[in-house]
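Read off the chains here:
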Amino acid sequence: MVDLQELEKIKRLKYKYQRCLDLHLWDELEECFVPEATSSYGDGQYTFGSRDEILNFLKQAMGRPSSMSSHHVHHPEIDIDGERATGVWALEDYVVDQEAGNTIHGAAYYHDQYVKVDGEWKIKHTGYMRAYEERVERRNNPHIELTVGWGAGE
Amino acid sequence: MVDLQELEKIKRLKYKYQRCLDLHLWDELEECFVPEATSSYGDGQYTFGSRDEILNFLKQAMGRPSSMSSHHVHHPEIDIDGERATGVWALEDYVVDQEAGNTIHGAAYYHDQYVKVDGEWKIKHTGYMRAYEERVERRNNPHIELTVGWGAGE
Amino acid sequence: MVDLQELEKIKRLKYKYQRCLDLHLWDELEECFVPEATSSYGDGQYTFGSRDEILNFLKQAMGRPSSMSSHHVHHPEIDIDGERATGVWALEDYVVDQEAGNTIHGAAYYHDQYVKVDGEWKIKHTGYMRAYEERVERRNNPHIELTVGWGAGE
């Protein structure tokens, strides 16, 4: 029997993480991690050893006003063992960078670890392996135009 | 403790709404709303004060045979309080318009309100804020071709 | 009352299927089906009458190293009746083919049938109807470049 109450809490944690990342809600994002959390984004290219390092990276990578993104996760395969859990998730990400004049679009599989601390689930480790990633040039491209968002229609 | 039975019912309501919108099942879509439902789509640009007004708008905006769409919702953060509930959802939408010769693609966050009437959950309010939206021109674009759908291959 | 434990098992089956398809895990994918499973992918264009036929098709269609894909499913509307169940799912698929120099992108609705055999849910029938499908040419397209994946950056 799966503990469906705990499962729902872990899903909510992940959804909060994704929402705070895309809406640039850094204080709320910080609540998702234990202080000693680790990450290995992008096939281990972006590896960090603490919550502070992870937050700093995410703010730099995603936090500019010219960056608008959707990081959507799907297909949760979550296994719970007491106060520890693992989660596999499919990711599709789409990052529109107005300054760079391009969009990065890709897919990946997340492998997460969660831990329950004082009754609340937190991210202990997060990271993903890329399936593919592509860059779409918006600059000098007559076929695509940003219509809503920072600098839209310029 | 979350009431997981009620949570599942609210998710099913939302999934029905999205399916009926993309498959143009207007009678079934109507069942999703209370008569006094309100909406504020597109950052409040499309605000309506009744189920009939919402349905009329959706039929006009999406109902043409030349319009083919996917409105996919993710990351449900649903809070239930008796016979009322709120829901936050991530949206990715993709609307291929053959007549206009373009595609509108974007991401947003929904903020919904639900109410239970005679034992069934209904949408009381729905609306979303855009993260970004872009228009891809298909007309005179040698790099993209519709292969399935109305007018495919023309 | 929905049996939420069985519901979770059926979702996990579907998520395993999608993951194994995109990660080319053919042995694990085979576990998802009963031997007499049938399929009708692509509006019935790809109809098969056994697990072996389905697997052969999927390996040929998706198994080349030059093919990288994400098949993401959303909006589960699952109805369980004892040891049988039906499932409706929204699909978004994105298949990057390096050899062909293009990407196929589309949306569809799945209609599945599941059956419980020796305590485990399996796919008895799967198939989808297309909403739309488009082909994006990557070859001779200055606006798009594969940056991660087989042959990236070439």
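Before going into details, it helps to say that this report is about the structure given with it. Source: prediction; values computed, not measured.

## Considerations on the relation of the copies chain C and chain B
Right, on to step 1. Of the transformation superimposing chain C on chain B, the axial component is 0.0 Å and the angular component is 120°, with the fit at an RMSD of 0.0 Å. The relationship between the two copies is best expressed as a three-fold rotation axis.
Right, on to step 2. Little of the interface of chain C is mirrored in chain B: 16% of its interface residues are interface residues there too.

## Considerations on the packing of aromatic side chains
The description of an aromatic ring pair uses the distance of the two centres, along with the angle that the planes make with each other.
Right, on to step 1. Throughout the structure, instances matching the rule amount to 24 aromatic pairs over all chains.
Right, on to step 2. Each ring, one from Tyr46 of chain C and one from Phe57 of chain C, has its centre 4.9 Å from the other, and the planes form 25°; the classification is stacked. Highlighted residues: Tyr46 of chain C in strand S2 (residues 46-48) and Phe57 of chain C in helix H3 (residues 51-62), separated in sequence by 11 residues.
Right, on to step 3. What makes Phe57 of chain C buried here is its relative accessible area of 17%.
Right, on to step 4. Ring pairing ties together the aromatic residues Tyr41, Tyr46, Phe48, Phe57, Tyr110 and Tyr128 of chain A, which thus form one cluster.
Right, on to step 5. If you follow Lys14 of chain A out to its NZ or CZ, it ends over the ring of Tyr110 of chain A, 3.4 Å from the centre.

## Re the packing of helix H1 (residues 4-23) of chain A against helix H1 (residues 4-23) of chain B
Describing two packed helices takes the angle between their axes plus the distance from one axis to the other.
Right, on to step 1. One way to put it is that H1 of chain A packs onto H1 of chain B with a least axis distance of 11 Å and a crossing angle of 45°. Accordingly, the angle class assigned to the pair H1 of chain A and H1 of chain B is oblique. Here H1 of chain A contributes Leu4, Gln5 and Glu8 of chain A to the contact with H1 of chain B, which in turn contributes Leu4, Leu7 and Lys11 of chain B.
Right, on to step 2. Counted by class, the contact of H1 of chain A with H1 of chain B contains three nonpolar, one polar and two charged residues.

Rules and cut-offs
For every chain, the first residue of its written sequence is number 1, and the numbers climb from 1 along that sequence. Following the order in which they are written, the chains are lettered starting with A and the ligands numbered starting with 1. Given that this is a predicted model, residues contribute local features only at a pLDDT of at least 70 and side-chain atom pairs are listed and counted only at 80 or more, while totals for whole chains, interfaces and linings are drawn from all residues. Neither water nor hydrogens contribute to the side-chain values; these are computed over all heavy atoms in the structure. Only residues with pLDDT of at least 70 in both copies contribute their C-alpha atoms to the least-squares superposition of the copies. Any two residues whose heavy atoms approach within 4.5 Å are treated as being in contact. The criterion for an aromatic pair is that two Phe, Tyr or Trp rings (for Trp, the six-membered ring) have centres within 6.5 Å, with stacked assigned to planes under 30 degrees apart, edge-to-face to planes over 60 apart and tilted to the rest. Where helices and strands are cited, they refer to DSSP runs of H or I of at least four residues and of E of at least two residues respectively, numbered from the N terminus. Throughout, exposure labels follow a simple rule: accessible area from a 1.4 Å probe, protein chains only, divided by the maximum for the residue type, with under 20% read as buried, over 50% as exposed, and the rest as partly exposed. In this analysis the charged atom, NZ for Lys or CZ for Arg, is taken to sit over a ring once it is within 6 Å of the ring centre and within 35 degrees of the ring normal. Orientation is described by lines fitted to C-alpha atoms, with helices fitted over the stretch in contact, and by angles between N-to-C directions that extend from 0 to 180 degrees. Relative orientations are named as follows: roughly parallel for angles under 35 degrees, roughly antiparallel for angles over 145 degrees, roughly perpendicular for angles from 65 to 115 degrees, and oblique for any other angle. Amino acid classes used here: Ala, Val, Leu, Ile, Met, Phe, Trp, Tyr, Cys and Pro are nonpolar; Asp, Glu, Lys and Arg are charged; the rest, including Gly, are polar.

Spatial relationships are all this shows, so hold off on functional conclusions.
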